[in-house]
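Coordinates in review
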Amino acid sequence: MLNRRNFISLSFLTAFSTILKSSFSGALLKADEKPPGDTEHGFPMVISTWKHGIAANEAAWQVLVQGGQSLDAVEQGVRVTEADPDNSSVGVGGFPDRDGDVTLDACIMDPKGKAGSVTFLQHIVHPVSVARLVMEKTPHVMLSGEGALEFALQNGFRKEDLLTDKARKAWEEWKEKSHYKPVINVENHDTIGMLAIDKNGDISGACTTSGLAFKMHGRVGDSPIIGAGLFVDNEVGGAVATGLGELVMKTLGSFLVVEFMRSGYSPREACRLAVDRIADKLPEYDRNQVGYLAVNKAGETGAFAIHKGFNYALKREDVNALLDSGALL
Ligand code: SD4
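Bear in mind the structure is a predicted one, so any value in this text is a computation, not a measurement.

A word on helix α2 (residues 70-82). Taking 1.5 Å per residue as the helical rise, α2 with its 13 residues ought to reach 18 Å, and the 18 Å between its terminal C-alpha atoms agrees with that figure. Along α2, the positions that sit buried rather than exposed are S70, L71, A73, V74, E75, G77, V78, T81 and E82. On its buried face, α2 sits against α1 (53-65), β3 (104-109), α3 (127-137), β6 (192-197) and β7 (203-209).

This is the structure:
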């Protein structure tokens, strides 16, 4: 059974919505052959993973519509999800690891190809903003664990307890029946990945998560890994991933999606090819979920997942919609 995180149904959010229901899984198409489900182009625009992307997109849109930069838009957008205690896979309210610690992964990329990332960060509500500071204030791309926390505190972030009562309860219930084994399945995914194009046509992206619920202490997923959970090439487009990070990391999924778009595939077909790569290389793929979401330089979007149930939120001037991705299985 798929749970509430796997929103199967297509939702219409505004009267203007251009909804293109997508169950496409046919033959490969090049970018000039528009498959059903690829959306119209245009920017400014913003897309993000899952239903919580609707609220996140709204915050990003406020930046974009005022002529702001895509980098600010994606940061402001995903901060909404990070601060939401009801989201159990991102920021405050994120389910902890198997030792009861909430550990966060996040990254951000700008149109110039700059990147920043934090992994295994605890006690900070907005890891994406720490990732942005890593990008802007350090000579590095990634800071981890204690070092990332120290850097955040030095830069004015407050140390907070991110474990909500709901998350603690879920962890306690899990402990009773888990035998200390991390949960790996198709349901346990709710990360937010966001891609935005501003009025100048410049693309940025961000990705932020508490990772797999009840993971091993110290486990880092794909979300903060540049090229895995997120990749942006401002000449081509951007991609983000959600789902079981181990599968994404082993195939460098978001980079792969962007490279497929570079060779002429539409965003949806590029995502589909990256899912195919997982299926070709990793025998455990069918027991797990991975979803890719991409946008190209023209503002066309598309998504594809291993299993049905992955969806994404799209916001443009004329559209505010939740769209189903295509699926391999
Ligand atoms: C991870 N990819 O840590 C993340 C989890 C995720 O939606 O995407 N959840 O493996």
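Following the criterion strictly, the structure yields 11 salt bridges and no others. In this structure, R219 engages E246 in a salt bridge whose closest nitrogen and oxygen atoms are separated by 2.7 Å. In this pair, R219 sits in the loop between β7 and β8 (230-233) while E246 sits in helix α6 (residues 245-251), placing the two residues 27 residues apart along the sequence. Overall, the relative accessible area of 26% leaves E246 in the partly exposed class. When the shortest N-O distance is used, the salt bridge between R262 and D233 registers 2.8 Å. Of this pair, R262 sits in helix α7 (residues 253-262) while D233 is found in strand β8, placing the two residues 29 residues apart along the sequence. Looking at D233, the relative accessible area reads 18%, which means it is buried. Linked by salt bridges that have partners in common, D72, E75, R132 and E136 make up one network.

For the structure on display, the rule yields 5 aromatic pairs. Relative to F255, the ring of F231 has its centre 5.0 Å away and its plane inclined at 80 degrees; by these criteria the two rings are edge-to-face. Of the two residues, F231 sits in strand β8 while F255 sits in helix α7, which places them 24 residues apart along the sequence. For F231, a relative accessible area of 15% gives the class buried. The rings of F95, W174 and F214 are connected pair by pair, giving a single aromatic cluster. Here the basic side chain of K175 rests over the ring of W171, its NZ or CZ set 3.7 Å away from the ring centre.

Moving on, we get to the site of the ligand. Around the ligand, a shell composed of 13 residues is seen, among which D190, T191, R219, D222 and G243 lie nearest. Contact with the protein chains hides 100% of the accessible area of the ligand, taken as 280 Å² for the molecule alone.

The rules we used
- Residues numbered from 1 in each chain as written.
- Predicted model: local features only at pLDDT ≥ 70, side-chain atom pairs only at ≥ 80, totals over all residues.
- Heavy atoms only, no water.
- Helix = DSSP H or I, 4+ residues; strand = E, 2+ residues; numbered from the N terminus.
- Expected span 1.5 Å × (residues − 1).
- Buried < 20%, exposed > 50% of the residue type's maximum accessible area, 1.4 Å probe, protein only.
- Contact = heavy atoms within 4.5 Å.
- Salt bridge = Lys/Arg side-chain N within 4 Å of Asp/Glu carboxyl O.
- Phe/Tyr/Trp six-rings, centres within 6.5 Å; stacked < 30°, edge-to-face > 60°.
- Lys NZ or Arg CZ within 6 Å of the ring centre and 35° of its normal.
- Near = heavy atom within 4 Å.
- Areas by Shrake-Rupley, 256 points an atom, 1.4 Å probe, with all protein chains shown as cover.

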